[in-house]
Amino acid sequence: MSDGTGEFGVSNLEYDLVTTLSNLLEGQEVLEEYTADAEEAGHSEAADIFRSIKSQNQQAAMRIRTTLGRIITG
């Protein structure tokens, strides 16, 4: 469609941001499990990697949320 609205009644950009946010948040739960698995295996280096990824994802999720809010109210 010429106005950028996709088949779900929101812009393609809004849909992309919502979907990416959802995927990041689902990934946070998985990364918690992976961290626990690494700790259980006694592998602190792997646990640290998973914690680092989780932190980066959390920062990205907050940026997406802020941007999405601006787009929706904009």
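Residues numbered from 1 in each chain as written. Predicted model: local features only at pLDDT ≥ 70, side-chain atom pairs only at ≥ 80, totals over all residues. Heavy atoms only, no water.

Considering the pattern of salt bridges
Here the structure, examined in full by the defined rule, presents three salt bridges. The partner of E32 in a salt bridge is K54, and the shortest N-O contact between them spans 3.3 Å. Residue E32 is located in helix 1 (residues 12-40), and its partner K54 is located in helix 2 (residues 44-73); the two are separated by 22 residues in the primary sequence. R51 serves as the salt-bridge partner of E39, at 2.0 Å between the closest nitrogen and oxygen. With E39 in helix 1 and R51 in helix 2, this pair connects stretches of sequence that are 12 residues apart. Overlapping salt bridges bring together E39, D48 and R51 as one network. (Salt bridge = Lys/Arg side-chain N within 4 Å of Asp/Glu carboxyl O. Helix = DSSP H or I, 4+ residues; strand = E, 2+ residues; numbered from the N terminus.)

Topic: the side chain of T35
Examined against the element boundaries, T35 turns out to sit in helix 1. The contacts of T35, once residues within four sequence positions are left out, are A47, F50 and R51. (Contact = heavy atoms within 4.5 Å.)

Observations concerning the side chain of N57
Within the fold, N57 resides in helix 2. Since its relative accessible area comes to 19%, N57 is described here as buried. (Buried < 20%, exposed > 50% of the residue type's maximum accessible area, 1.4 Å probe, protein only.)

Thoughts on the environment of E45
Looking at the secondary structure, you find E45 in helix 2. Put simply, E45 and E33 are 12 residues apart on the chain and 15 Å apart in space, counted from C-alpha to C-alpha.

Points about the packing of helix 1 against helix 2
Between helix 1 and helix 2, whose axes approach to 9 Å, the crossing angle comes to 160°. Classified by the angle between their axes, helix 1 and helix 2 sit roughly antiparallel to one another. Crossing handedness for the pair helix 1 and helix 2: left-handed. When its residues are assigned to classes, the contact of helix 1 with helix 2 shows 19 nonpolar, six polar and five charged. (Axes fitted to C-alpha atoms, helices over the stretch in contact; angles between N-to-C directions. Parallel < 35°, antiparallel > 145°, perpendicular 65-115°, else oblique. Left-handed = near helix turned anticlockwise from the far one by under 90°. Nonpolar A, V, L, I, M, F, W, Y, C, P; charged D, E, K, R; others polar.)

Points about the nonpolar core
Ranked by size, the top nonpolar core spans six residues in total: L17, L21, L24, A61, I64 and L68. Elements represented by at least two residues in this core include exactly helix 1 and helix 2. Apart from the residues within four sequence positions on either side, L24 is in contact with N57, A60, A61 and I64. (Core = buried A, V, L, I, M, F, W, Y, C linked by side-chain atoms within 4.5 Å.)

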